[in-house]
Amino acid sequence: EDQVTQSPEALRLQEGESSSLNCSYTVSGLRGLFWYRQDPGKGPEFLFTLYSAGEEKEKERLKATLTKKESFLHITAPKPEDSATYLCAVQSYAGNNRKLIWGLGTSLAVNP
Amino acid sequence: GAGVSQSPSNKVTEKGKDVELRCDPISGHTALYWYRQSLGQGLEFLIYFQGNSAPDKSGLPSDRFSAERTGGSVSTLTIQRTQQEDSAVYLCASSPGTGGYEQFFGPGTRLTVL
């Protein structure tokens, strides 16, 4: 069964304190792995798509990496505005289904 | 360009009433998804449209839930005889459908059933 597990559930950092969020997945043929950011009361905001092991993508203070079993979202020198819930999702090649399998997210708080 | 829009942003209804939630996807996006998100819970898939057809309705919780999409654009999610457990944020997302599988979300409709 396709599954996505994110850790930690919650993370509190001081401004400037770099860290990483983990997304472990099992899927029958990975079509893509997606990272989103969700602020309270809003819909998820797309950040990155990763397609194959070894791929990396960067945006400002965020860098996403992918292996055959997991993905990391590295946050370098975070600022308070990076506080949000970060969601990971995977899409498999199984069938003709475009459904994403979602993790429960990591709630990140960055203190000034 | 315009993103995904949803209306209403908030809906308060009484148990047993029917509600309709609307989603306007990004222009040109052929794929459209409905999700439900309860407090402290993950995103729960409800239904997926490709064009006007729904290849996957597996996430609809009961036959009180239905959805349609017309003109390959606007979609409506209808919940009949609402129950308190239907209270949640209902999110809509659209995707290009070809060449890109990223889903772009609307702001959601917060449904409260009293």
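I will try to describe carefully the structure that is included in this document. (Residues numbered from 1 in each chain as written. Chains lettered and ligands numbered in written order. Predicted model: local features only at pLDDT ≥ 70, side-chain atom pairs only at ≥ 80, totals over all residues. Heavy atoms only, no water.)

**So, the overall build of chain B**
Formally: Comment: elements are numbered from the N terminus, with helices defined as DSSP H or I runs of at least four residues and strands as E runs of at least two. The cut-offs for exposure are 20% and 50% of the maximum accessible area for each residue type, with area from a 1.4 Å probe on protein chains only; residues under the lower value are buried, those over the upper are exposed, and the others partly exposed. Note on contacts: a residue pair qualifies if any of its non-hydrogen atoms lie within 4.5 Å across the two residues. Only the protein chains shown count as covering a residue, and every accessible area follows the Shrake-Rupley method with a 1.4 Å probe. By the counting rule applied here, Lys and Arg register as positive and Asp and Glu as negative, while His and the ends of each chain are not counted. Where a charge lies is defined by one atom per residue type, namely NZ (Lys), CZ (Arg), CG (Asp) and CD (Glu).
Counting its regular elements, chain B contains zero helices and eleven strands. For chain B, the sequential pattern of α-helices and β-strands runs β-β-β-β-β-β-β-β-β-β-β. Dimensions of chain B, computed from the C-alpha atoms along their principal axes, are close to 40 × 25 × 25 Å. Of all 114 residues assigned to chain B, the portion counted as buried reaches 48%. Across chain B, every contact between residues at least 6 apart in sequence was considered, and the portion connecting residues at least 24 apart equals 53%. Just so you have it, chain B exposes about 5,300 Å², and 46% of that area is on carbon and sulfur atoms. Averaging the positions of the 10 positive and the 11 negative side-chain charges in chain B gives two centres separated by 4 Å.

**Comments concerning the nonpolar core**
All names here are of chain A. Spelled out, the test is: The term nonpolar core refers to a set of buried residues drawn from Ala, Val, Leu, Ile, Met, Phe, Trp, Tyr and Cys, joined through side-chain atoms within 4.5 Å.
If you look at the biggest cluster of nonpolar residues, it comprises 23 residues, and the most contacted ones within it are Leu33, Trp35, Leu73 and Tyr86. Of all the secondary-structure elements, those providing two or more residues to this core are strand E2 (10–14), strand E3 (19–26), strand E4 (30–38), strand E5 (45–50), strand E7 (62–66), strand E8 (70–75), strand E9 (84–92) and strand E11 (106–111). For this core, the element with the highest residue contribution is E9, accounting for four residues.

**Some points on the pattern of salt bridges**
Residues and elements named next belong to chain A. Defined as follows: Whenever a carboxyl oxygen of Asp or Glu lies within 4 Å of a side-chain nitrogen of Lys or Arg, that contact is scored as a salt bridge.
According to the stated counting rule, one finds seven salt bridges over all chains in the structure shown. We note a salt bridge from lysine 57 to glutamate 55, for which the minimum N-O separation is 3.6 Å. Among the salt bridges present, the one from lysine 63 reaches glutamate 56, with a minimum N-O distance of 3.5 Å.

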